[in-house]
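The chain contents come next:
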Amino acid sequence: MSNFDQNFEAARLASLAEQHSDIVKVTGEVVFRAEDDEDRLSGTSWTLEEDIFDQVTESGFKLHLIELLDDFIAHRGQCNELPKKEGIVRFGDGDLSIEWLPDGSTHLSDHLGTEQQV
């Protein structure tokens, strides 16, 4: 029996969106993946509608989201909840959402064994 909390991710993302409301009003997405052999974040790829990447970094949003993704991946691994290796976080209009994808389905999968910028 899994002790996976279905509301854990949504609640944490809602809290982050509230904390960084000025950033999540801009449309963007973050593609992410974890290493095949461990439940830890290994890479992200950011796409932003507007040129706010400096603000994303300086505000702490980037670091907070990366830490959350790492926590989500580890939590899913501990609970044997699938999928757990790849996904997309989308934001815009003040909301943050996450979509988990099957392993090998993101463009980051093409770079197995190479270091990704997180």
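So, here's what we can say about the structure. Note that the structure is a prediction, hence the values are computed from the model and not measured. (Residues numbered from 1 in each chain as written. Predicted model: local features only at pLDDT ≥ 70, side-chain atom pairs only at ≥ 80, totals over all residues. Heavy atoms only, no water.)

Looking now at the overall build of the chain. For the chain, the helix and strand inventory stands at four helices and four strands. Going from N to C terminus, the chain has its helices and strands arranged as α-α-β-β-α-α-β-β. Taken over C-alpha atoms, the radius of gyration comes to 14 Å for the chain, in line with the 13 Å a tight globule of 118 residues would show. In terms of overall dimensions, the chain has a C-alpha envelope of 40 × 35 × 20 Å along the principal axes. Counting the 118 residues in the chain, one finds 45% classified as buried. Long-range pairs, those at least 24 residues apart, make up 66% of the contacts in the chain between residues at least 6 apart in sequence. In the form shown here, the chain has an accessible surface area of approximately 6700 Å², with 44% of it arising from carbon and sulfur atoms. Each charge class in the chain was averaged separately, 9 positive and 26 negative side chains, and the resulting centres sit 4 Å apart. (Helix = DSSP H or I, 4+ residues; strand = E, 2+ residues; numbered from the N terminus. Rg over C-alpha atoms; globule rule 2.2 N^0.38 Å. Buried < 20%, exposed > 50% of the residue type's maximum accessible area, 1.4 Å probe, protein only. Contact = heavy atoms within 4.5 Å. Areas by Shrake-Rupley, 256 points an atom, 1.4 Å probe, with all protein chains shown as cover. Lys, Arg positive; Asp, Glu negative; His and termini not counted. Charge placed at Lys NZ, Arg CZ, Asp CG, Glu CD.)

Reading across from one edge, β2-β1-β3-β4 is the order of the four strands in this open sheet, with antiparallel pairing throughout. Whereas interior strands pair on both sides, the edge strands pair on one side only; in this sheet they are β2 (41-48) and β4 (95-101). Sheet twist, expressed as the mean angle between neighbouring strand axes with direction ignored, is 15°. Bridging between strand β1 (residues 28-34) and strand β3 (residues 86-92) involves six bridges; their strand directions are antiparallel. Residue pairing across strands places arginine 33 opposite glutamate 86, the latter belonging to β3. (Pairing = 2+ DSSP bridges. Axes fitted to C-alpha atoms, helices over the stretch in contact; angles between N-to-C directions.)

We now examine the nonpolar core. Membership of the largest hydrophobic core comes to 24 residues, with the highest contact counts inside it found for Phe32, Phe61, Leu65, Leu69, Val89, Phe91 and Leu96. Secondary-structure elements contributing two or more residues to this core are α1 (8-19), α2 (21-24), β1, β2, α4 (61-78), β3 and β4. Those residues in contact with phenylalanine 91, other than ones at most four positions away along the chain, are Ile23, Val24, Val26, Thr27, Gly28, Glu29, Val30, Leu48, Phe61 and Leu96. (Core = buried A, V, L, I, M, F, W, Y, C linked by side-chain atoms within 4.5 Å.)

Here aspartate 103 lies in the segment after β4. Residue class for aspartate 103 comes out exposed when judged on its relative accessible area of 55%. In this structure the C-alpha to C-alpha distance between aspartate 103 and glycine 87, which are 16 residues apart in sequence, comes to 8.8 Å. With residues near it in sequence (within four places) discarded, aspartate 103 still touches Lys85 and Glu86.

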